[in-house]
Amino acid sequence: METCKIKVKNMSKYPLPKYQTKGSSGMDLYANISNPLVIKPLERKLIPTGIYISMPNGYEAQIRARSGLSFKYGITIANGIGTIDSDYRGEIKIILINFGEKNYILHPGERIAQMVISKYVRIYWEKVDELDNTQRGQGGLGHSGI
Ligand SMILES: O=c1ccn([C@H]2C[C@H](O)[C@@H](COP(=O)(O)OP(=O)(O)OP(=O)(O)O)O2)c(=O)[nH]1
Ligand SMILES: [Mg+2]
């Protein structure tokens, strides 16, 4: 398994995020808040983690929802997948939204999201007038049937 060393500054009251199992791709992030906080239905809240990172060029961190919170309470990430750029030196913050029907009480230290470190490629454009032909062509959005 490929590994990568990442610089981290932990300004939170909680331990460093860690992989929960041997095969986990994401590390859970803790809500670094001092008091319980209410998220009303359809409300968004920006939650601090107290975690600051510096990754090598070519890496990004993806902030993803936790499926249990989403399924049980409708708590998810408002920006779909949060993107942490390799040159970002600020605090990692999580934009939670409550899609559930009830108020959600977020407790200090709760694991609110997970962070996956990924490699990405930098592309450059080759401008063309025609793209190559494929079997799919322009068919999409359910073109091949359900
Ligand atoms: O869930 C998130 C998403 C982003 N960020 C931080 C890290 C990221 O590198 C920076 C910018 O994120 P993004 O590019 O998604 O936001 P933007 O609205 O395009 O802001 P900017 O103009 O600063 O790029 O904000 C977070 O802390 N949490
Ligand atoms: Mg941006």
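It should be emphasised that the depicted structure is a prediction, and the values quoted were computed from it without experimental measurement.

Draft legend 1. View of the site of ligand 1. Residues in close proximity to ligand 1 include Asn79, Gly82, Thr83, Ile84, Asp85, Tyr88, Glu91, Ile92 and Lys93, which together make up its full environment. Residue asparagine 79 places a side-chain N or O atom 3.0 Å away from an oxygen atom belonging to ligand 1. Interatomic distance of 2.7 Å between a backbone N/O atom of lysine 93 and a nitrogen atom of ligand 1. Coverage of ligand 1 by the protein amounts to 50% of the 570 Å² it exposes when considered alone. With three residues, strand E8 (residues 82-84) is the single largest residue contributor to the shell around ligand 1. Its residues assigned to classes, the shell around ligand 1 shows three nonpolar, three polar and three charged.

Draft legend 2. Summary view of the UniProt feature "binding site: substrate" (unreviewed entry) in the protein chain. Mapped onto the present numbering, the UniProt feature "binding site: substrate" (unreviewed entry) falls on Arg66, Ser67, Gly68, Asn79, Thr83, Ile84 and Asp85. Spanning 20 residues, the named residues do not form one spatial group; their C-alpha atoms are separated by as much as 26.3 Å. By secondary structure assignment, the location of glycine 68 is in helix H1 (residues 67-73). For threonine 83, the contacting residues outside a window of four places in its chain are Glu60 and Ala61.

Draft legend 3. Highlighting the UniProt feature "domain: dUTPase-like" (unreviewed entry) in the protein chain. Per the UniProt annotation, the sites labelled "domain: dUTPase-like" (unreviewed entry) are residues 14-145. Here residues 14-145 is 5% helix and 35% strand, with 48 Å between the C-alpha atoms at its ends.

Draft legend 4. Inspection of the layout of surface pockets at higher detail. In this structure, the largest pocket occupies an estimated 670 Å³ of space. Counting only elements with at least two residues in the lining of the largest pocket, the list comes to strand E5 (51-54) and strand E11 (111-119). Ranked by residues supplied to the lining of the largest pocket, first place goes to E11 with five residues. Broken down by class, the residue content of the lining of the largest pocket amounts to 14 nonpolar, five polar and four charged.

Draft legend 5. View of the environment of threonine 49. Within the secondary structure, threonine 49 sits in the loop between strand E4 (44-48) and E5. Sequence separation of threonine 49 and lysine 72 is 23 residues, and the distance between their C-alpha atoms is 22 Å. When sequence neighbours within four positions are dropped, the list of residues in contact with threonine 49 reads Ser12, Leu29, Tyr30, Asn32, Glu91, Ile92 and Ile94. Reaching out from threonine 49, the side chain makes a polar contact with the backbone nitrogen of isoleucine 51 at a distance of 3.2 Å. A polar atom in the side chain of threonine 49 sits 2.6 Å from the backbone oxygen of isoleucine 92.

Thresholds applied
- Residues numbered from 1 in each chain as written.
- Chains lettered and ligands numbered in written order.
- Predicted model: local features only at pLDDT ≥ 70, side-chain atom pairs only at ≥ 80, totals over all residues.
- Heavy atoms only, no water.
- Near = heavy atom within 4 Å.
- Polar contact = N/O pair within 3.5 Å; in protein donor to acceptor, adjacent residues only side chain to side chain.
- Areas by Shrake-Rupley, 256 points an atom, 1.4 Å probe, with all protein chains shown as cover.
- Helix = DSSP H or I, 4+ residues; strand = E, 2+ residues; numbered from the N terminus.
- Nonpolar A, V, L, I, M, F, W, Y, C, P; charged D, E, K, R; others polar.
- UniProt positions renumbered as here; feature names shortened; annotations may be inferred.
- Contact = heavy atoms within 4.5 Å.
- 1 Å grid on protein atoms, 1.4 Å probe; cavity = no way out; pocket = protein on both sides within 12 Å on 5 of 7 lines; lining within 4 Å.
- Points joined across faces, edges and corners; volume = space filled by probe spheres on them.

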